[in-house]
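Coordinate inspection notes
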Amino acid sequence: MSPVFPMLTVLTMFYYICLRRRARTAPRGEMMNSHRTVEPHSRTSPLNAEVIQYAKEVVDFSSHYGSENSMSYTMWNLAGVPNVFPSSGDFTQTAVFRTYGTWWDQCPSASVPFKRTPPNFQSQDYVELAFEQQVYPTAVHVLETYHPGAVIRILACSANPYSPSPPAEVRWETLWSERPTKVNGSQARQFKPCIKQIHFPTNLIRLEVNSSLLDYYTELDAVVLHGMKDKPGLSLKTSLIDMNDLEDDDYEEKDGCGMDTLNKKFSSTALRDRPSNGYFDKLPYELIQLILNHLTLPDLCRLAQTCKLLNQHCCDPLQYLHLNLQPYWAKLNDTSLEFLQARCTLVQWLNLSWTGNRGFISVAGFSRFLKVCGSELVRLELSCSHFLNETCLEIISEMCPNLQDLNLSSCDKLPPQAFNHVAKLCGLKRLVLYRTKVEQTALLSILNFCSELQHLSLGSCVMIEDYDVIASMIGAKCKKLRTLDLWRCKNITENGIAELASGCPLLEELDLGWCPTLQSSTGCFARLARQLPNLQKLFLTANRSVCDTDIEELAGNCTRLRQLDILGTRMVSPASLRKLLESCKDLSLLDVSFCSQIDNRAVLELNVSFPKVFIKKSFTQ
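Residues numbered from 1 in each chain as written. Predicted model: local features only at pLDDT ≥ 70, side-chain atom pairs only at ≥ 80, totals over all residues. Heavy atoms only, no water.

Listed in full, the buried residues belonging to helix H9 (residues 390-399) are Cys-392, Leu-393, Ile-395, Ile-396 and Ser-397. Buried residues along H9 sit against helix H8 (363-373) and strand E12 (379-381). A distance of 3.0 Å separates the backbone nitrogen of Thr-391 from a side-chain oxygen at the start of H9, and that oxygen is part of Asn-389. (Buried < 20%, exposed > 50% of the residue type's maximum accessible area, 1.4 Å probe, protein only. Helix = DSSP H or I, 4+ residues; strand = E, 2+ residues; numbered from the N terminus. Contact = heavy atoms within 4.5 Å. Polar contact = N/O pair within 3.5 Å; in protein donor to acceptor, adjacent residues only side chain to side chain.)

Next comes the structure, spelled out in structure tokens:
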């Protein structure tokens, strides 16, 4: 055959690919053979004028510094026009996430990170914002008023949160992303990333943040969405057929972490039975398994297609002892779980945080998966998994008899009665109920039966009526408790503190931030210092009654202290802080923001004397 024919075949295939690409991206009715490009903003007709809108509503978020019953420092401040911008500083009218830096990763309550997490997934928190009108985005501007630089990813969703009927298909598309970078300075800025053009209109935007490089809490004031009502033409910057477009499917797979094609990846029907794999198949089975442990889940899926030997290794349940599915939240669905099911019979650590929302995972799909894969589970992360209901917690309690670690953080749609099933998990050592609707009766039952608890988070649990009763039960039943988060518990008093201090002598971390009913005059903080000598972290945030006596008690009794937050107190002097810093040689974080006796000069002097301590003092312009 003439060599001309193969060349013609290649050219024909290339032309066909180009036509498919053009057909996918071109508006309906556009001429397929046109090679002209259009600048979307150069000549905008009145019928397709740019729409500029602020967020109408905050739909969902993973955490916030504020209370569930107020607006100060909450994510809900992102709705509407700016409250603060262009001013810089620490303002209560902004949106603030719960953590910053790496301080929380250094606490006794910190969890061991999952292995096999893809390097391009570094998101720690998120917030989802709904806008009035669906548009094709041309720009997303984030108004940051304090310590900017946390936003690392912006996504758009095809679903309309205001539609009366659920969509047939929900698709998330990344508009912009980059790795965490250090931003010098804490001044306000309008962040204007260059976003990717997408092929569907949206009024649901998601910001993902990583605060690990920040010196203090980031504060966001508003988000502005720019876009066109009608689909814009191609930009002059983009040719009709960009060679990068030919890799678009691969890009989406990397961006979506490959879960959309997970169903096909493990199929071995198309594998050819080759006589030899060279020297590779002479390696010990265990050594090949060790090598494959370094691959991400999508890479493992791809490798399974290469040959039967590697398919066998990639499908070995030992590869899935620790399974982190959180990075694939935008793609993971019932079908994905079904195809993973046979390979996860030995899974011990499972992370489904952020997954399954908007119908991606059903109760039936989750139940089927756990019935097969739950018997060996020791750790289960379900933060912000809003598909969960009472049936799911019942299935967990029945199918996971070995469970020791359960995270239900920000599962605020779980009904209160669902938490009664958690009491059946008697082997629990770590339980996170931050921002849940757990009620007092269910929590008392949990504490009564789960006496092995070492780490307990009850921050922002607004349905608990009497925290003194809860503290008394903790002191009576949880003798092994090492960390306790009571952030923003509304009514604990010195009586509850006395029960905790006497009943939990092993406590190393205690968060009593924004607990307004605690008063230093009752001696509660001094009692903590005398009875809990192992304390490494103590947050007394926004308690104005903390005084020099309390600081001196900490200096004399809690010499292992590493982190102390006394933001907002009026009664602490530089002299008592100096005593504390001299006694607590391991102290690395000290927050004295809004402490009226600790001015900038005092902070500078302490910094000179104790250069290894990060002393935080925020400001308001």
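More follows now that the structure is in view.
For the rest of this paragraph, the subject is the pairing of strand E4 (residues 125-146). Most of E4 is tucked away: 18 of the 22 residues are buried. Where strand E2 (residues 57-61) lies against E4, four bridges are found, and the strand directions are antiparallel. Counted as the bridge partner of Glu-57 is Ala-130 from E4. Two elements, E4 and strand E8 (residues 202-209), share seven bridges in a ladder whose sense is antiparallel. Within the sheet, the bridge partner assigned to Val-127 lies in E8 and is Leu-207. As defined by bridge partners, E4 adjoins strand E9 (residues 219-228) across nine bridges and the pair is classed as antiparallel. Looking across to E9, one finds that Tyr-136 is bridged to Met-228. Here E4 runs beside strand E7 (residues 189-191); their pairing, made up of three bridges, is antiparallel. When the bridges of E7 are listed, Leu-143 appears paired with Gln-190. (Pairing = 2+ DSSP bridges.)

Time to look at the environment of Glu-381. For Glu-381, the location among the structural elements is in strand E12. Spatially, the C-alpha atom of Glu-381 lies 8.2 Å from that of Trp-349, the residues being 32 residues apart in sequence. Residue contacts for Glu-381: discarding those within four places in its chain leaves Phe-114, Leu-350, Asn-351, Leu-352, Ser-353, Asp-405, Asn-407 and Arg-430. Here Arg-379 takes part through its side chain, which lies 2.9 Å from a polar atom of the side chain of Glu-381.

In this model, Phe-85 is joined to Pro-86 through a cis peptide bond whose omega is 10°. Among the structural elements, Pro-86 can be located in the loop between E2 and strand E3 (95-96). Non-glycine residue Cys-384 carries a positive phi angle of around 60°. Relative to the elements of secondary structure, Cys-384 occurs in the loop between E12 and H9. The exposure class assigned to Cys-384 is buried, which follows from its relative accessible area of 0%. In this structure, Phe-594 is a non-glycine residue whose phi angle is positive, near 60°. With respect to the element layout, Phe-594 can be found in the loop between strand E20 (589-591) and helix H16 (600-609).

Our next topic: the pattern of salt bridges. Inspection of every chain in the model, using the stated rule, returns 24 salt bridges. Across the pair Arg-358 and Glu-128 runs a salt bridge, and its minimum N-O distance is 2.8 Å. Note that Arg-358 is positioned in the loop between strand E11 (349-351) and H8 and Glu-128 in strand E4, a separation of 230 residues in sequence. A network of salt bridges, in which partner residues are shared, links Glu-128, Arg-153, Arg-206, Glu-208 and Arg-358. (Salt bridge = Lys/Arg side-chain N within 4 Å of Asp/Glu carboxyl O.)

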